[in-house]
Amino acid sequence: MSLLVIGVPHIARQELRPEESGQLLCVPGGQPPLWKLMDSIGSAGLRQGEEALSHPEEGLPRPSDSSELVQECLQQFKVTRAQLQQIQASLLGSMEQALRGQASPAPAVRMLPTYVGSTPHGTEQGDFVVLELGATGASLRVLWVTLTGIEGHRVEPRSQEFVIPQAVMLGAGQQLFDFAAHCLSEFLDAQPMSKQGLQLGFSFSFPCHQTGLDRSTLISWTKGFRCSGVEGQDVVQLLRDAIQRHGAYNIDVVAVVNDTVGTMMGCELGARPCEVGLVVDTGTNACYMEEARHVAVLDEDRGRVCVSVEWGSFSDAGALGPVLTTFDHTLDHESLNPGAQRFEKMIGGLYLGELVRLVLAHLARRGVLFGGGTSPALLSRGSILLEHVAEMEDPSAGAARVHAILQDLGLSPGASDVELVQHVCAAVCTRAAQLCAAALAAVLSRLQHGREQQTLQVAVATGGRVCERHPRFCSILQGTVMLLAPECDVSFIPSVDGGGRGVAMVTAVAARLAAHRRLLEETLAPFRLNHDQLAAVQAQMRKAMVKGLRGEASSLRMLPTFVRATPDGSERGDFLALDLGGTNFRVLLVRVTTGVQITSQIYSIPESVAQGSGKQLFDHIVDCIMDFQQKQGLSGQSLPLGFTFSFPCRQLGLDQGILLNWTKGFNASDCEGQDVVNLLREAITRRQAVELNVVAIVNDTVGTMMSCGYEDPRCEIGLIVGTGTNACYMEELRNVAGVPGDSGRMCINMEWGAFGDDGSLAMLSTCFDASVDQASINPGKQRFEKMISGMYLGEIVRHILLHLTSLGVLFRGQQTQRLQTRDIFKTKFLSEIERCLRPTLPPPLQGAFLSTVGDCWPWVVARSALEDEVGEAMTHLFALSSSLAPSDSLALRQVRAILEDLGLPLTSDDALMVLEVCQAVSQRAAQLCGAGVAAVVEKIRENRGLEKLAVSVGVDGTLYKLHPQ
């Protein structure tokens with residue numbers, strides 16, 4: 001483990017020599033170490049191991065006037081490495097138990113969600129009011145915090161502290177909150193800035209049950225407070241009521257957080273994320289960013305949430321019992337809350353001075369200190385404060401300062417008394433730092449394991465008077481963490497202003513997220529289609545289908561394919577198949593016996609070929625066929641060949657197809673208006689070395705339907721959702737104008753990619769669709785395809801991300817050159833991103849189908865024509881509904897990795913928003929496709945006069961096969 005400390009001396013464990021470990025623990029004045037305290041911390045202790053820890057008397061200081069009684073007292077505060085590890089393990093177990101919501105046995109820590117779901121990213125700006133209650137004991141602080149973002153000049157907060165009278169701390173709850181409202185008004189009266197529309201962050205540092213960012217119910221008072229009528233009440237509402245009673249200012253209480261969350265949120269942005277907050281002040285606590293799916297009470301499966309550990313209440317007898325001293329028991333018994341907050345009473349600044357007082361009083365009574373004399377102050381609870389302990393232990397203060405503090409307590413210390421008092425202070429504070437480190441190590445272990453990382457790199461924000469005023473405490477804390485959590489690379493960053501800025505930051509982040517959420521919803525709203533919109537698409541397509549079949553002007557060509565029947569399973573023989581329709585070209589050998597065996601090879605179509613001359617394109621196709629025949633040992637054989645040509649064609653016969661226009665990025669010259677079968681035959685003739693018998697031309701949609709029909713005789717619809725999109729189906733011949741005959745059926749190639757080219761989809765087109773269309777090689781054409789198919793979805797997403805970035809919603813508003821590069825966001829990334837987070841709802845395609853076909857809906861099963869297994873069932877369109885596992889941190893890491901590979905550095909919030917964009921675009925595509933299928937199956941049902949229809953849909957295409965939903 002490497003450890004980076006900001007604001008305190010850097011201590012690398014690998015460089016710590018035994019003599020240095022002793023120096024770290026010297027008492028003031030350069031005395032020898034109290035004991036080789038870090039035989040459970042420093043490298044010397046690591047080498048000595050537990051054997052050294054089994055001799056607790058070794059290394060103890062022996063001042064000249066020490067006695068067995070002194071040894072006995074100081075020895076009680078020594079904590080071994082094994083004991084620290086037991087506390088770490090026990091606390092970690094309690095944390096995980098509480099996260100799971102396991103109520104029996106009651107967990108020793110509460111693990112309260114704070115509803116803070118995002119850490120700052122540096123763009124937060126504005127003026128905020130902060131009210132702190134409970135962070136510093138018997139005082140209340142009001143701050144005016146101005147945030148200026150990363151680029152702005154830092155503005156120091158204005159603040160005022162108010163002492164809370166003891167009567168208020170122990171009186172009625174309304175009295176306390178009225179006092180807080182009065183302090184707010186007094187502070188704001190003195191501020192020169194505009195006070196209209198003030199947003200307030202409420203730092204309330206007591207155990208609370210939060211049900212929202214601005215809803216928090218007090219569980220129990222701590223830190224000397226015991227106001228009646230507050231426990232079990234929403235403290236935000238109590239504050240709002242008090243502000244309203246006071247009536248001076250219109251203040252919106254936006255968020256309630258504890259001081260620990262404020263400390264974490266106020267951490268200065270650095271090279272690594274600050275996702276842990278640690279406070280050791282009057283009390284002690286920690287918070288950290290947990291995966292939301294692990295917090296049972298939230299019932300949320302995405303993102304992260306800050307969890308307040310509330311470790312002050314940790315009280316596992318098995319772990320804490322061995323380290324509790326007689327003085328701990330006395331302190332607890334005399335406290336306002338006996339039996340509660342046992343861990344906090346060993347660490348918090350409210351108690352350290354009292355522990356020191358109890359030890360000193362005990363030693364004085366036994367004649368070891370102060371000549372056996374005591375004083376009323378020494379025997380009075382609370383007479384020794386944290387400040388006294390810190391000063392007496394501070395080497396720079398010297399013996400004179402210790403002597404003065406003791407004299408102020410009415411004592412007459414000698415030189416040996418001063419030294420022994422320093423030993424006692426060091427013993428009490430050293431144990432506190434070690435125990436705090438064990439708890440922090442448990443939190444770091446939880447973070448590491450929860451995120452499935454071998455090494456956790458994280459910043460810990462530290463705050464509170466113990467951390468700020470007690471450098472030895474911080475040094476011991478860091479060294480112990482190094483020992484107990486070696487897999488964690490930790491930076492400790494001191495809080496700048498006691499967490500006040502962080503509370504303002506929580507308020508600012510909440511405002512930012514709310515604004516970003518509103519902008520995201522406004523951007524994606526046009527992609528969220530409702531039932532009426534889908535029904536309108538279905539109705540428009542039905543009209544276009546009828547017009548196209550009649551030969552009237554329509555955006556659907558409804559082309560006859562001259563395929564008059566689907567397979568019946570009796571077909572046998574060996575066949576060659578060509579499949580051209582996207583960026584790849586396939587050659588297949590199909591052997592049909594009692595089953596179907598397929599051997600295939602994929603060949604690429606270079607862009608220069610796809611957009612070159614027609615002669616160059618078809619010569620390339622024949623070259624690929626020849627290569628395939630040679631590899632399969634078919635050279636010289638003349639097999640029947642079927643040509644899957646997935647572009648709009650007007651067929652004149654089974655082996656005649658006139659290309660109407662190129663799509664999907666193809667633009668080879670001298671092909672449109674030509675018979676593509678003849679173009680292929682001419683290329684075969686030019687190559688002379690190959691003999692091929694082209695017997696049929698079909699598009700990929702017809703091929704899909706026919707291949708699935710071999711397995712399922714109910715398959716009468718073909719659907720392609722890949723680079724492009726199209727559908728075909730078996731229509732009654734009597735409805736097909738231009739083809740002789742009134743009986744029987746014929747497969748109709750709908751060429752539905754052009755649906756909407758007549759403007760019928762204008763009401764669904766967004767500005768992002770318009771941008772993609774204008775940048776395409778065929779503006780104004782294939783409008784339906786450009787809203788559905790894999791060739792365009794990535795570009796739609798890219799344009800949305802650019803728009804959101806320009807609004808500051810994504811990537812901190814920083815435009816990157818990569819994101820401005822056309823086609824950088826491939827559609828496969830949508831599939832990969834969405835596959836990271838599995839669906840919890842029925843897939844949009846089936847949902848759209850169900851929502852548009854009405855009461856009398858057909859039963860549809862989707863089947864996919866796969867390369868290696870024709871007719872294999874791919875999925876059920878609505879016979880099943882998905883209820884799949886929720887997302888996890890691995891999924892978010894995959895999303896981030898995909899986007900970072902594109903040069904898009906992002907936060908967890910960015911990753912979730914990008915995911916939402918991908919889902920919205922993909923869902924609209926699937927819904928539109930589903931509405932189209934609904935139009936087709938309703939047409940078939942009405943053609944046949946059926947009340948219900950059972951039909952199978954053959955589905956293929958990379959987008960359909962690879963996309964998880």
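Residues numbered from 1 in each chain as written. Predicted model: local features only at pLDDT ≥ 70, side-chain atom pairs only at ≥ 80, totals over all residues. Heavy atoms only, no water.

The subject of this paragraph is the overall build of the protein chain. Helix and strand counts for the protein chain stand at 29 helices and 27 strands. Each of the 965 residues in the protein chain was classed as buried or not, and the buried ones make up 58%. The long-range fraction of contacts in the protein chain, counting pairs at least 24 apart against all pairs at least 6 apart in sequence, stands at 71%. As presented, the protein chain carries roughly 36800 Å² of accessible surface, and 50% of it is formed by carbon and sulfur atoms. (Helix = DSSP H or I, 4+ residues; strand = E, 2+ residues; numbered from the N terminus. Buried < 20%, exposed > 50% of the residue type's maximum accessible area, 1.4 Å probe, protein only. Contact = heavy atoms within 4.5 Å. Areas by Shrake-Rupley, 256 points an atom, 1.4 Å probe, with all protein chains shown as cover.)

Let us now look at the pattern of salt bridges. Oppositely charged side chains may form a pair once their charged atoms are brought near each other. Taken as a whole and assessed by the stated rule, the structure comprises 44 salt bridges. A salt bridge links Arg512 to Glu124; the nearest nitrogen and oxygen atoms lie 2.7 Å apart. Taken together, the residues Arg512 in helix 17 (residues 500-524) and Glu124 in the loop between strand 2 (112-113) and strand 3 (125-133) connect sequence positions 388 residues apart. Note on accessibility: Arg512 and Glu124 belong to one class, buried. (Salt bridge = Lys/Arg side-chain N within 4 Å of Asp/Glu carboxyl O.)

With that out of the way, let us pick up the sheet that holds strand 5 (residues 158-163). In spatial order, the strands read 5-4-3-6-9; together these five strands make up an open sheet with mixed pairing. Every interior strand has two partners, whereas the edge strands, strand 5 and strand 9 (251-257), have only one. Averaged over all pairs of adjacent strands, the angle between their axes in this sheet comes to 20 degrees, without regard to strand direction. Note that strand 4 (residues 139-148) and strand 5 share six bridges and pair antiparallel. Bridging from a neighbouring strand, Leu143 pairs with Ser159 of strand 5. Contacting strand 3, strand 6 (198-204) and strand 9, helix 7 (residues 235-246) runs over the sheet at an angle of about 155 degrees to strand 9. Lying over the sheet, helix 17 contacts strand 3, strand 4, strand 6 and strand 9, oriented at roughly 55 degrees with respect to strand 4. (Pairing = 2+ DSSP bridges. Axes fitted to C-alpha atoms, helices over the stretch in contact; angles between N-to-C directions.)

Now for the environment of Leu91. Looking at the element boundaries, Leu91 is found in helix 4 (residues 81-99). For Leu91, the residues in contact, after removing those within four places along its chain, are Val109, Trp311, Phe314, Ala439 and Ala442.

With that settled, the discussion passes to the packing of aromatic side chains. As enumerated under the stated definition, the model contains 18 aromatic pairs in all. Judged by centre distance (5.1 Å) and plane angle (55 degrees), the ring pair of Phe645 and Phe647 falls under tilted. Of the two residues examined, Phe645 and Phe647, each falls in the buried class. Seen from their ring centres, Phe647 and Phe666 are 5.0 Å apart, and the 65 degrees between their planes marks the pair as edge-to-face. Of this pair, Phe647 sits in the loop between strand 19 (640-645) and strand 20 (649-653) while Phe666 sits in the loop between strand 21 (656-659) and helix 21 (676-687), and the two are 19 residues apart along the sequence. Here the two residues Phe647 and Phe666 agree in accessibility, since each one is buried. Taken together, Phe202, Phe204, Phe206, Trp221 and Phe225 form an aromatic cluster joined through their ring pairs. Seen from the ring of Phe206, Lys223 lies directly overhead, with NZ or CZ sitting 5.5 Å from the centre. In this structure, Lys664 is placed above the aromatic ring of Phe647, and the distance from its NZ or CZ to the ring centre is 5.3 Å. (Phe/Tyr/Trp six-rings, centres within 6.5 Å; stacked < 30°, edge-to-face > 60°. Lys NZ or Arg CZ within 6 Å of the ring centre and 35° of its normal.)

Let us now look at the nonpolar core. Grouped together as the largest cluster of nonpolar side chains are 97 residues, with contacts concentrated most on Tyr288, Trp311 and Leu444. Here the element with the most residues in this core is helix 14 (residues 415-450); it accounts for 21 residues. Residue contacts for Leu444: discarding those within four places in its chain leaves Val276, Leu456, Val458, Val460, Val481, Ala485, Cys488 and Val490. Counting 72 residues, the second-largest nonpolar core is a separate cluster that includes Ile800, Phe825, Leu904 and Ile940. (Core = buried A, V, L, I, M, F, W, Y, C linked by side-chain atoms within 4.5 Å.)

We now examine the packing of helix 24 (residues 790-806) against helix 28 (residues 908-943). With their axes 10 Å apart at the nearest point, helix 24 and helix 28 run at an angle of 140 degrees to one another. Accordingly, the angle class assigned to the pair helix 24 and helix 28 is oblique. Seen along the crossing, helix 24 lies across helix 28 with a hand that is right-handed. Of the residues in helix 28, those touching helix 24 at Leu793, Ile796, Val797, Ile800, Leu801 and Leu804 are Val914, Val917, Cys918, Val921, Arg924 and Ala925. Classifying every residue of the contact of helix 24 with helix 28 gives 11 nonpolar, no polar and one charged. (Parallel < 35°, antiparallel > 145°, perpendicular 65-115°, else oblique. Left-handed = near helix turned anticlockwise from the far one by under 90°. Nonpolar A, V, L, I, M, F, W, Y, C, P; charged D, E, K, R; others polar.)

Turning our attention to the side chain of Asn258. Here Asn258 is to be found in the loop between strand 9 and helix 8 (259-265). Exposure remark for Asn258: the relative accessible area of 8% places this residue in the buried category. There is a polar contact of 2.9 Å between the side chain of Asn258 and the backbone nitrogen of Val261. A polar contact of 2.9 Å, which involves the side chain of Asn258, links it to the side chain of Ser308. Each residue touching Asn258, except ones within four places of it in the same chain, is listed here: Ser203, Phe204, Ser205, Asn285, Ser308 and Glu310. (Polar contact = N/O pair within 3.5 Å; in protein donor to acceptor, adjacent residues only side chain to side chain.)

Another point: helix 11 (residues 349-365). In a regular helix each residue adds 1.5 Å, so 17 residues correspond to 24 Å; helix 11 covers 25 Å between its end C-alpha atoms and thus fits that length. Two residues or fewer past helix 11, Gly367 is found with a positive phi of approximately 85 degrees. (Expected span 1.5 Å × (residues − 1).)

This part takes up the environment of Val230. Along the chain, Val230 turns up in the loop between strand 8 (215-218) and helix 7. By relative accessible area, Val230 is classed as buried at 0%. Taking the C-alpha atoms as reference, Val230 lies 8.9 Å from Ile219; in sequence the two are 11 residues apart. When neighbours within four sequence positions are excluded, Val230 is seen to be in contact with Gly173, Phe177, Leu218, Trp221, Val235 and Leu238.

Pairing within the open sheet is mixed, and its five strands lie in the order 18-17-16-19-22. Here the strands that pair on one side only, and so sit at the sheet edges, are strand 18 (596-604) and strand 22 (693-698). Strand-to-strand twist of the sheet, defined as the mean angle between neighbouring strand axes without regard to direction, takes the value 20 degrees. Relative to strand 22, strand 19 is paired through five bridges, and the arrangement is parallel. Pairing of Gly642 across the sheet is with Ala696, part of strand 22. In the packing of helix 21 onto the sheet, contacts are made with strand 16 (573-580), strand 19 and strand 22, and the angle to strand 22 comes to roughly 150 degrees.

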